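Coordinate inspection notes
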Amino acid sequence: MVDLKAKPFNLDDKKIKWVEDTIRDMTMDEKIGQLFINLTLRRDEKTLDELVNKYHIGGVRWQGGTLEEVYEQNRFFQEKSKIPVLIAANCEAGGNGAVGEGTFVATGAACGASKTLDTVRNMAKVGAAEAKAVGCNWSFAPVCDVVSNWRNTIVNTRGFGNDPEAVAERSLAYMDEMTKAGIACAAKHFPGDGSEERDQHLVMGCNDLSVEEWDASFGMVYKKLIDAGLPSIMVGHIAQRAYTKKFNPDIKDEDIMPATMSPELLQGLLRGQLGFNGLIVTDATHMAGLTAAADRKNAMQKVVAAGCDMILFFNDPAEDIEYVRVGIEDGTISAERLDDALHRILGLKAHLGLDEMSFPNKDMLAVVGCDEHHALARKAADDSITLVKDTQRILPVTPADKKKVVLYFVESAPVSLADGPDPAKALLVKELEKAGFDVRAPKDYYEYEMEGPSKFNRFKMMEHENREEFKKNTDLVLFVISMKGYAKENNTRLTYSVSHSCEIPWFVHEVPTVAVSLNYTNHLFDVPMMKTFINAYSGSAEYIEALVEKLTGKSEFKGEANDLVWCDRWDTRL
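I will try to describe carefully the structure that is included in this document.

Analysis parameters
Residues numbered from 1 in each chain as written. Predicted model: local features only at pLDDT ≥ 70, side-chain atom pairs only at ≥ 80, totals over all residues. Heavy atoms only, no water. Helix = DSSP H or I, 4+ residues; strand = E, 2+ residues; numbered from the N terminus. Rg over C-alpha atoms; globule rule 2.2 N^0.38 Å. Buried < 20%, exposed > 50% of the residue type's maximum accessible area, 1.4 Å probe, protein only. Contact = heavy atoms within 4.5 Å. Areas by Shrake-Rupley, 256 points an atom, 1.4 Å probe, with all protein chains shown as cover. Lys, Arg positive; Asp, Glu negative; His and termini not counted. Charge placed at Lys NZ, Arg CZ, Asp CG, Glu CD. Pairing = 2+ DSSP bridges. Phe/Tyr/Trp six-rings, centres within 6.5 Å; stacked < 30°, edge-to-face > 60°. Lys NZ or Arg CZ within 6 Å of the ring centre and 35° of its normal. Salt bridge = Lys/Arg side-chain N within 4 Å of Asp/Glu carboxyl O. Expected span 1.5 Å × (residues − 1). Polar contact = N/O pair within 3.5 Å; in protein donor to acceptor, adjacent residues only side chain to side chain. Axes fitted to C-alpha atoms, helices over the stretch in contact; angles between N-to-C directions. Parallel < 35°, antiparallel > 145°, perpendicular 65-115°, else oblique. Left-handed = near helix turned anticlockwise from the far one by under 90°. Core = buried A, V, L, I, M, F, W, Y, C linked by side-chain atoms within 4.5 Å.

1. Observations concerning the overall build of the protein
- Per the secondary structure count, the protein includes 20 helices and 16 strands.
- In terms of C-alpha radius of gyration, the protein reaches 25 Å, essentially the compact-globule figure of 25 Å for 574 residues.
- Principal-axis analysis of the C-alpha atoms places the extent of the protein at approximately 80 × 55 × 45 Å.
- Each of the 574 residues in the protein was classed as buried or not, and the buried ones make up 60%.
- Sequence-distant contacts, at least 24 apart, represent 77% of the contacts inside the protein between residues at least 6 apart.
- Surface summary for the protein: the accessible area is close to 22400 Å², and the carbon and sulfur share equals 49%.
- Of note, the protein has its 67 positive side-chain charges centred 2 Å away from the centre of its 88 negative side-chain charges.

2. Digging into the sheet that holds strand β5 (residues 184-190)
- Here eight strands make up an open sheet; going across it, the order is β9-β7-β5-β4-β3-β2-β1-β10 and the pairing parallel. Strand pairing shows two members of the sheet lacking a second neighbour, β9 (279-282) and β10 (311-312), which therefore form its edges.
- Strand direction decides the pairing type here: strand β7 (residues 232-235) and β9, joined by four bridges, are parallel. Residue pairing for β9: Val235 is matched across the bridge by Thr282.

3. What about unusual backbone geometry?
- In the segment running from Lys7 into Pro8, the intervening peptide bond is cis, with an omega of 0°.
- By the element assignment, Pro8 lies in the segment before α1 (13-24).
- That bond from Phe190 to Pro191 is cis: its omega, 5°, falls within 30 degrees of zero.
- Position of Pro191 relative to the elements: it lies in the loop between β5 and β6 (205-206).

4. Let's talk about the packing of aromatic side chains
- Taken as a whole and assessed by the stated rule, the structure comprises 16 aromatic pairs.
- Within the aromatic cluster, the residues linked to one another by ring pairs are Phe190, Trp214, Tyr222, Tyr243 and Phe247.
- Positioned above the aromatic ring of Phe525 is the side chain of Arg151, whose terminal nitrogen or guanidinium carbon lies 5.5 Å from the ring centre.
- Across the ring face of Phe247, the terminal group of Lys246 is positioned such that the distance to the ring centre comes to 5.9 Å.

5. Side note on the pattern of salt bridges
- Under the counting rule described, the total for this entry stands at 46 salt bridges.
- Its salt-bridge partner being Asp355, residue Lys15 comes within 2.9 Å of it at the nearest N-O pair. Taken together, the residues span a long stretch of sequence, with Lys15 in helix α1 and Asp355 in the loop between α14 (335-351) and α15 (371-384) at a distance of 340 residues.
- Between Glu92 and Arg158 there is a salt bridge whose closest N-O contact spans 2.8 Å. With Glu92 in the loop between β3 (86-89) and α5 (108-113) and Arg158 in the loop between β4 (138-139) and α7 (164-180), this pair connects stretches of sequence that are 66 residues apart.
- Salt bridges sharing common partners tie together Asp118, Lys379, Asp382, Asp383, Lys550 and Lys558.

6. Looking at α7
- With 17 residues, α7 extends 24 Å between its outermost C-alpha atoms, agreeing within 8% with the 24 Å of an ideal straight helix rising 1.5 Å per residue.
- Where α7 is buried, its residues touch α5, α6 (118-133), β4, β5 and α8 (211-227).
- In this structure Asp163 caps α7, since a side-chain oxygen of it lies 3.1 Å from the backbone nitrogen of Glu165.
- After α7 finishes, the residue Gly182 shows a positive phi value of roughly 85°.

7. Section: the packing of helix α12 (residues 296-306) against helix α13 (residues 317-329)
- Orientation of α12 relative to α13, taken along the N-to-C sense of each, is 60°, at an axis distance of 9 Å. As judged from the angle between their axes, α12 and α13 are oblique. Considering only the axes of α12 and α13, their crossing is right-handed. In this structure, α12 uses Arg296, Lys297, Met300 and Gln301 to contact α13, whose residues at the interface are Asp320, Tyr323, Val324, Val326 and Gly327.

8. Thoughts on the side chain of Thr40
- For Thr40, the location among the structural elements is in the loop between β1 (36-39) and α3 (45-53).
- Side-chain polar atoms of Thr40 contact the side chain of Asn38, separated by 3.0 Å.
- When sequence neighbours within four positions are dropped, the list of residues in contact with Thr40 reads Leu48, Leu51, Val60, Arg61, Gln63, Gln73 and Phe77.

9. Some points on the nonpolar core
- Ranked by internal contacts, the top residues of the largest apolar core, which has 159 residues, are Trp138, Phe190 and Leu478.
- For this core, the element with the highest residue contribution is α8, accounting for eight residues.
- Residues within four places of Leu478 in sequence aside, it is in contact with Val405, Val406, Leu407, Tyr408, Leu428, Leu432, Val514, Val516 and Leu551.
- Ranked by size, the runner-up nonpolar core spans 26 residues in total, among them Phe479, Trp506, Tyr520 and Phe533.

Without other data, these values stay purely geometric and don't point to any function.
Structure, rendered in structure tokens:
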């Protein structure tokens, strides 16, 4: 039996009675529905009504939509559901994880680079306020992964860094701010991402640390969070071979499962050794990290049987629910295991006050994207942007001595040409010109294609300028990298738009050059020839403005890089 009076639920007798009465009055359909969190892509009333009255979902997570649409969707769920729902957001960087108009404050990497806890606290505070305004009560954060492998780009920007103590400190600060706002945290991704380079969207992850190494890093972080009252944990599709074999010495390698389906990791390690009493939710179940380990039917049954209390996202609602129903009927999912899951789900809802839930008034939406929150984003940018190196001692640069700037902006391939170019490029040109620079920003291949698709556009990108003319007309090159994305390749590296592109840094020995990353922190591996390199963490307006201020010496660089930026290379330090 689940102890609802103990951490993290801390329920009194009245709330426990609500949990017990609610479970007692539920039909089997309602019990199974409570196990599922829906990813809402359609917002028509028929679809929403079916989710609450036919499938009886226990939770929902935002996925797109305007501020008005998200608010009305969440209000519908709470007002029409027989049992209040958990409404989750991915507030990993601020309120933008709850609604598109929300305020981006700082990535985990920016929080890790900042020498003050104000950055992570303000990020969490803004995320909590804006998420709560649209009815959210659950944050799929903090990302408490310890990033020890520089090649890992899945949590490179999302994690707080490579120091377990700093990760724990920032994770606790994040949870503290969310808790004060009445929002539950789901720390992720147990048993831990960041030690390898593969992406669980594409393949089962493997945390290959030894038992002792895991205890000193991920184990320490999770234990501190659990002791502080962490209410829920998101489990990744990540295997941990050492601990699986510790709890099951006879298991064969081919039988080792990702944590989402591993009773050794969920019951032996998380519940037993670490003493976690809260709710366990899977990572998204459409990820190949899960589908690589089992077919859908077995996966739906095994995640619950192994110890997960909630399943993140349907594939097909009717089919997934039927798979779980069959698992209950044939004993794969025991009655006790189902009962435990329901007590933790309802226990978390009672802990959040959903037993006496009132949906927020619409006037609370005014907090989303407010001036105060953008001011906190500016402070985060100022505190975190990091000068990784300046071995050529070029900074600061000003229009007085380097007025003519060429901006080479290397961006990820857009999902669609209709998306337009990366908006950070125009923002950067605007801020540089505002500072007094004359800026020339050559088009990249995608911009040429947006103007008109042509097989000759790639040849335009191969054209090189006359070197002497270039030197005469250019005082400074600003080489800016804005690579983004995961769930497409196992790691994201600097990629030029065409082969033999004129973006490839031919200019570093022709004119002074400054390189900037607007996202990932490990790009020096691909451009070690850059003698001045800055990690700016974001292409948002606040970060671009702060970047230009620091380039020109109006503001000092305050962020601090960790050793992963050198990518285990000697030449990156030159």
